[in-house]
Amino acid sequence: MPKKSIKPSTYIYPSPVMLISSQGKDGKPNIATISWGGVLCSDPPIVGISVRPTRHSNRLIKEAMEFVLNIPSEKRLKETDYCGSVSGRDIDKFSEAGFTAGNTERVKAPLIKECPINLECKVKQILNLGSHDLFIAEVVAAHVDEEILEGDRISMDRLSPISYCPVVQEYRSMGEMIGSYGFSKKGK
């Protein structure tokens, strides 16, 4: 198949959709919808999220040097999209989106109770990369809804995470499982 050169961009499809809850010095919590983020290290557990310096959440995270990374499910897509479409400078996103602030163990920012997975994170380093600041943070506590567990493992079917395709600006659901780690060695 012939290849065509196109403009360089972030053609990594899909990206995970995350809700970042943060709380600055004023004590008012905020929510940001992001898709620029992911796992950076497994031991210790380190995640990275990228947030534009112009965003309200960027300032709040820098003030507190912590945040909660919340994974929403498909059933909260409308609320998730809403939190990415308005600024927390102007409104209380928890109230307007119908989300409930929950208690955390290791950070001051609240978790979002309606999200099945919540990761409490403490920022270790901030890198300005251009249009975004990269917050490198250690996961210091994790919470998961029992209903998405199968034994000790998270069920992707029960979680129903949301994906985002940035260049075409589309949300997508995850499809069926098509393999598991190491299946190619097992001949399956």
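Our structure is the block above this text.
Residues numbered from 1 in each chain as written. Predicted model: local features only at pLDDT ≥ 70, side-chain atom pairs only at ≥ 80, totals over all residues. Heavy atoms only, no water.

S.K.: Is there a simple way to think about the sheet that holds strand β1 (residues 15-16) in this case?
M.R.: Within a sheet, neighbouring strands are paired by backbone hydrogen bonds and run either parallel or antiparallel to one another. If you trace the 3 strands from one edge of the open sheet to the other, you get β1-β13-β14, paired in antiparallel fashion. Each edge of the open sheet is held by one strand with a lone partner, namely β1 and β14 (170-173). Relative to β14, strand β13 (residues 162-165) runs antiparallel, the two sharing 4 bridges. The partner of Ile162 across the bridge, within β14, is Ser173. (Pairing = 2+ DSSP bridges. Helix = DSSP H or I, 4+ residues; strand = E, 2+ residues; numbered from the N terminus.)

S.K.: Before we go on, may I ask you to explain the side chain of Ser155 in this structure?
M.R.: Counting through the fold element by element, Ser155 comes out in the loop between β12 (153-154) and α4 (156-159). When its relative accessible area of 5% is taken as the criterion, Ser155 is described as buried. In contact with Ser155, not counting residues within four places along its chain, are Ile148 and Glu150. (Buried < 20%, exposed > 50% of the residue type's maximum accessible area, 1.4 Å probe, protein only. Contact = heavy atoms within 4.5 Å.)

S.K.: Help me understand the nonpolar core in this model?
M.R.: Most often, soluble globular proteins keep nonpolar side chains buried together rather than apart. In terms of nonpolar packing, the biggest core is built from 20 residues, with Ile20, Ile49, Phe67, Leu69 and Cys121 touching the most fellow members. Among the elements of the structure, β2 (18-23), β3 (29-34), β5 (45-51), β6 (66-71), β9 (117-128) and β10 (133-144) are those that each provide at least two residues to this core. The element contributing the most residues to this core is β9, with 4 residues. If we skip the residues at most four places from it in the chain, Ile49 touches Ile20, Ile34, Trp36, Gly37, Ile61, Phe67, Leu69, Asp133, Leu134 and Phe135. Judged by nonpolar contacts, the second largest core, of 8 residues, contains Leu19, Ile31, Cys83 and Ala97. (Core = buried A, V, L, I, M, F, W, Y, C linked by side-chain atoms within 4.5 Å.)

S.K.: Looking at this model, I keep getting lost on the packing of aromatic side chains. Mind explaining?
M.R.: Both the distance between ring centres and the angle between the ring planes are used here to describe each pair of aromatic rings. Inspection of the entire model under this criterion finds 1 aromatic pair. Measuring from centroid to centroid gives 5.2 Å for Tyr164 and Tyr171, while their planes differ by 55°, and the two rings are tilted. (Phe/Tyr/Trp six-rings, centres within 6.5 Å; stacked < 30°, edge-to-face > 60°.)

S.K.: Sorry, what's going on with the pairing of β9 here?
M.R.: Along any regular strand, the residues point their side chains to alternate faces of the sheet. Pairing geometry for β6 and β9, over 6 bridges, is antiparallel. Paired with Val68 across the bridge in β9 is Glu120.

S.K.: Looking at this model, I keep getting lost on the sheet that holds β6. Mind explaining?
M.R.: Taken together, 7 strands build an open sheet; the order of strands is β3-β2-β6-β9-β10-β5-β4 and the sheet is antiparallel. Where the open sheet ends on each side, the last strands, each with one partner, are β3 and β4 (37-42). Direction aside, neighbouring strands of the sheet carry axes that sit 35° apart on average. The sheet contacts of helix α1 (residues 56-64) involve β2, β3, β5, β6, β9 and β10, and relative to β2 the element is tilted by about 55°. (Axes fitted to C-alpha atoms, helices over the stretch in contact; angles between N-to-C directions.)

S.K.: It is not clear to me how the pattern of salt bridges should be interpreted in this structure. Could you clarify?
M.R.: As a working rule, side chains carrying opposite charge can pair if their charged atoms are close by. Within the structure shown, the criterion is met by 6 salt bridges. Residues Glu170 and Arg172 are paired through a salt bridge, measuring 2.8 Å at the closest nitrogen-oxygen approach. According to the relative accessible area criterion, Glu170 is partly exposed, its value standing at 33%. (Salt bridge = Lys/Arg side-chain N within 4 Å of Asp/Glu carboxyl O.)

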